[in-house]
Amino acid sequence: MYDALLLLSFGGPERPEDVMPFLENVTRGRGVPPERLAAVAQHYLHFGGVSPINACNRAVIAAVEAEFAARATTLPVYFGNRNWHPMVEDTVARMRDDGVRSALVFPTSAWGGYSGCRQYDEDIARARAAVGPAAPTLVKLRQYFDHPLLIDAFADAIRAARQHLPAELRDAARLVFTAHSIPVAADAAAGPPSDGGRLYSRQVTDAARLCAAATGFDDFDVVWQSRSGPPQVPWLEPDIVDHLEALSAKGIEAVVVCPVGFVSDHLEVVWDLDNEAAEKAAELGMAFARAATPGTDPRFAALIAELVAEQTSGAPPRRLGSVPGYGCTRNGDLCAPGCCEPPRRPGR
């Protein structure tokens, strides 16, 4: 029934001269101030102009290929991006030329919402339109924010991070979850209209709840990071750096930060957390430990294989959460009419 799996991701530069063209692709039409682009470019140049995301995704693909081999799943794995090479349009054209007629698509976002889900549908529709009538059928796999294997991987990463704190501070450490901030209006529109909105922030909070329960934390915080829009547009708050200051003012001496909204250590994790947040914690005299993302955990490849099996053999979905999940769509169709409407751009 299916001939291949396409891993569909965001993309990132792999040399300094790619940085500004990549950022222009990412922000086209969004009204992001030029000074913000220049500041973000410096984040990439701090790492030699190379984003870790493509390397992370290639490692995930290698792990999935090994997992498929162990399960006798005979699907080749392709790799395409929204914003930088390999571009998804080129990858889908290669799939067509290789004789692929129908493929599953794994997006490297676990979430609902415009950026987390619908934009991947748009990528699929755009790529198929670019390739033409012979483009393969593309079926996107469902949202997986509450899959047991994802929660288990994050829970073990939280336990490991906690061990890096000074022994005398571990028991009182505050657990803080982060995910990518989005405009408040985009979150309000996230999900099918019948579901009441705020699907993204609800899913993030539910995943955080599951991870905290798995690691024995009775209380936790959900905060946000990496906002990029114009300052007059409200985004989800509080920001992680501001939150660290608030915790310090309350006498908190140690934090474990879990980037639950990210599947791999790409640039927004290593810059916003390992640099900016870690530096703020040091300035405050606060012990800081960051949990690993699950992309390098073998359970992540197993999760992908399970999502594939749901479509190829009718395996029952495994879910732990109490918040709805959607996202399994065909050829870029939406989950429902009006689902996850894109945020209005300045001037529209």
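It should be noted that the structure appears before, not after, this text.
Please read these numbers as outputs of a predicted model, since none were measured by experiment.

### Describing the overall build of the protein chain
Thought 1: A tally of helices and strands in the protein chain yields 11 helices and 9 strands.
Thought 2: Relative to the compact-globule value of 20 Å for 348 residues, the protein chain shows a C-alpha radius of gyration of 20 Å, a close match.
Thought 3: Once the C-alpha set of the protein chain is aligned to its principal axes, its extents read approximately 60 × 45 × 45 Å.
Thought 4: Taken over 348 residues, the protein chain has a buried fraction of 56%.
Thought 5: The long-range share in the protein chain, meaning contacts at least 24 apart out of those at least 6 apart in sequence, stands at 79%.
Thought 6: Split by element, the accessible area of the protein chain, about 14500 Å² in all, is 53% carbon and sulfur.
Thought 7: For the protein chain, the distance from the average position of its 33 positive side-chain charges to the average position of its 43 negative side-chain charges is 5 Å.

### Focus on helix α8 (residues 199-214)
Thought 1: With 16 residues, α8 extends 22 Å between its outermost C-alpha atoms, agreeing within 8% with the 22 Å of an ideal straight helix rising 1.5 Å per residue.
Thought 2: All of the buried residues in α8 are Leu199, Tyr200, Ser201, Gln203, Val204, Asp206, Ala207, Ala208, Leu210, Cys211 and Ala212.
Thought 3: In this structure, the buried residues of α8 make contact with α6 (148-162), β5 (174-180), α7 (184-188) and β6 (221-225).
Thought 4: Glycine 216 sits one or two positions beyond α8 and adopts a positive phi of about 80°.

### A short note on the packing of helix α2 (residues 34-46) against helix α10 (residues 267-284)
Thought 1: As a packed pair, α2 and α10 sit with axes 11 Å apart at the nearest point and diverge in direction by 90°. Viewed along their axes, α2 and α10 adopt a mutual orientation that is roughly perpendicular. Contact with α2, carried on its side by His43, Tyr44 and His46, involves Leu267, Trp271, Asn275 and Glu276 of α10 and no other residues of that element.
Thought 2: Class assignment for the residues of the contact of α2 with α10 results in 3 nonpolar, 3 polar and 1 charged.

### Observations concerning the sheet that holds strand β8 (residues 287-290)
Thought 1: With parallel pairing, 4 strands are arranged side by side in an open sheet as β6-β5-β7-β8. Edge strands, defined here as strands with exactly one partner in the open sheet, are β6 and β8. Put simply, the sheet's adjacent strands are angled 30° from each other on average, direction ignored.
Thought 2: Contacts between α6 and the sheet are confined to β5, β7 (254-258) and β8, with β7 contributing the most and set at about 155° to the helix.
Thought 3: Against the sheet, helix α9 (residues 240-249) touches β5, β6, β7 and β8, its axis set at about 140° to β6.

### Concerning the packing of aromatic side chains
Thought 1: Going through the model one piece at a time under the given rule, you end up with 10 aromatic pairs.
Thought 2: Their ring planes at 90° and their centres at 6.4 Å tell us that phenylalanine 47 and tryptophan 271 sit as a pair that is edge-to-face. Highlighted residues: phenylalanine 47 in the loop between α2 and α3 (53-71) and tryptophan 271 in helix α10, separated in sequence by 224 residues.
Thought 3: Judged by its relative accessible area of 31%, phenylalanine 47 is partly exposed.
Thought 4: Judged by relative accessible area, which is 15%, tryptophan 271 ranks as buried.
Thought 5: Ring geometry for phenylalanine 177 against phenylalanine 220: centres 5.6 Å apart, planes inclined by 85°, an arrangement best described as edge-to-face.

### Focus on unusual backbone geometry
Thought 1: For the peptide bond that leads from histidine 85 to proline 86, omega is 0°, which places it in the cis range.
Thought 2: You can see proline 86 is positioned in the loop between β2 (77-81) and α4 (88-97).
Thought 3: In the Ramachandran plot, arginine 198 falls in the positive-phi region, its phi being about 60° despite a non-glycine side chain.
Thought 4: By secondary structure assignment, the location of arginine 198 is in the loop between α7 and α8.

### Points about the pattern of salt bridges
Thought 1: Taken as a whole and judged by the stated rule, the model has 25 salt bridges.
Thought 2: Across the salt bridge formed by glutamate 17 and arginine 15, the nearest N and O atoms sit 3.4 Å from each other.
Thought 3: Overall, arginine 15 belongs to the partly exposed group, its relative accessible area being 44%.
Thought 4: The residue lysine 280 makes a salt bridge to glutamate 283 at a minimum N-O spacing of 3.0 Å.

Reading the values: the criteria
- Residues numbered from 1 in each chain as written.
- Predicted model: local features only at pLDDT ≥ 70, side-chain atom pairs only at ≥ 80, totals over all residues.
- Heavy atoms only, no water.
- Helix = DSSP H or I, 4+ residues; strand = E, 2+ residues; numbered from the N terminus.
- Rg over C-alpha atoms; globule rule 2.2 N^0.38 Å.
- Buried < 20%, exposed > 50% of the residue type's maximum accessible area, 1.4 Å probe, protein only.
- Contact = heavy atoms within 4.5 Å.
- Areas by Shrake-Rupley, 256 points an atom, 1.4 Å probe, with all protein chains shown as cover.
- Lys, Arg positive; Asp, Glu negative; His and termini not counted.
- Charge placed at Lys NZ, Arg CZ, Asp CG, Glu CD.
- Expected span 1.5 Å × (residues − 1).
- Axes fitted to C-alpha atoms, helices over the stretch in contact; angles between N-to-C directions.
- Parallel < 35°, antiparallel > 145°, perpendicular 65-115°, else oblique.
- Nonpolar A, V, L, I, M, F, W, Y, C, P; charged D, E, K, R; others polar.
- Pairing = 2+ DSSP bridges.
- Phe/Tyr/Trp six-rings, centres within 6.5 Å; stacked < 30°, edge-to-face > 60°.
- Salt bridge = Lys/Arg side-chain N within 4 Å of Asp/Glu carboxyl O.

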